Amino acid sequence: MDRPNYLTPAGFAALRREYDQLLGEERPKLVEVIAWAAGNGDRSENGDYIYGRKRLREIDRRLGWLAKRMKAAKVIDPAAQADKARVWFGATVEIADEDDTRRTLTLVGDDEAEASAGKIGWNAPIARALRGAAVGDLRRVTLPGGERDYEVIAIRYPG
């Protein structure tokens, strides 16, 4: 992994919860179903066995990915940010474009990004452009639809 996997404490907890749920609940139940289906004889036409093996591979792949992401995680508490006058990891930022259309974004880890909820991944183009900005700063963002200028209206941190 060439760069750290920044996460908020809540983002890391969500990854951990998913890992524990897959490993401790879903996978053992699936192994039980596969063992039962294998005991029924002909495996070539046994839907429970075939689907179970396929789903087990998907779960194991996801567990590997989650383990890798958690190992590379660098958990940063946004409330402990030293310079709260500028946009850094975990900041909630209100921005306005040229048409005075306002948006509120929270810069979070890439694994916890959810654009529909206003959570933007730390490495997204708009997040990269806003890094280090202070209230009143103008930042140009290159988006698929072209370049846009945004003004930072407000910056907040939790806590």
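Residues numbered from 1 in each chain as written. Predicted model: local features only at pLDDT ≥ 70, side-chain atom pairs only at ≥ 80, totals over all residues. Heavy atoms only, no water.

(A) Structural detail: the pattern of salt bridges. Under the definition given, this model contains 16 salt bridges. For Glu58, the salt bridge is made with Lys54, and the minimal N-O distance between the two is 3.2 Å. Taken as a pair, Glu58 and Lys54 lie in helix α2 (residues 47–71) at a separation of four residues, close to a single helical turn. Glu58 sits in the partly exposed class, given a relative accessible area of 30%. Look at Lys54 and you get partly exposed, because its relative accessible area is 44%. Between Asp99 and Arg148 there is a salt bridge, and its shortest N-O distance comes to 3.8 Å. (Salt bridge = Lys/Arg side-chain N within 4 Å of Asp/Glu carboxyl O. Helix = DSSP H or I, 4+ residues; strand = E, 2+ residues; numbered from the N terminus. Buried < 20%, exposed > 50% of the residue type's maximum accessible area, 1.4 Å probe, protein only.)

(B) Layout of the environment of Thr142. Within the element layout of this structure, Thr142 appears in strand β6 (residues 138–143). Spatially, the C-alpha atoms of Thr142 and Pro125 are 7.0 Å apart, while their sequence positions differ by 17 residues. The residues contacting Thr142, other than those within four sequence positions of it, are Pro125 and Glu147. (Contact = heavy atoms within 4.5 Å.)

(C) Fine view of the side chain of Asn5. With respect to the helices, strands and loops of the structure, Asn5 is situated in strand β1 (residues 5–7). Contact partners of Asn5, with chain neighbours within four places excluded, come to Arg69, Ala72, Ala73, Lys74 and Asp111.

(D) View of the packing of aromatic side chains. Per the stated rule, a full pass over the model turns up three aromatic pairs. Taking 6.3 Å as the distance between ring centres and 85° as the angle between the ring planes, the aromatic pair formed by Tyr6 and Trp122 counts as edge-to-face. Here Trp122 lies in the loop between β5 (119–121) and α3 (125–130) and Tyr6 lies in strand β1, a separation of 116 residues in the sequence. The class for Trp122 is buried, based on a relative accessible area of 11%. Three or more aromatic residues joined by ring pairs make a cluster, and in this case those are Tyr6, Phe89 and Trp122. Cation over ring: Arg131 sits above Trp122, and NZ or CZ is 4.2 Å from the ring centre. (Phe/Tyr/Trp six-rings, centres within 6.5 Å; stacked < 30°, edge-to-face > 60°. Lys NZ or Arg CZ within 6 Å of the ring centre and 35° of its normal.)

Read these as geometric descriptors, not functional statements.
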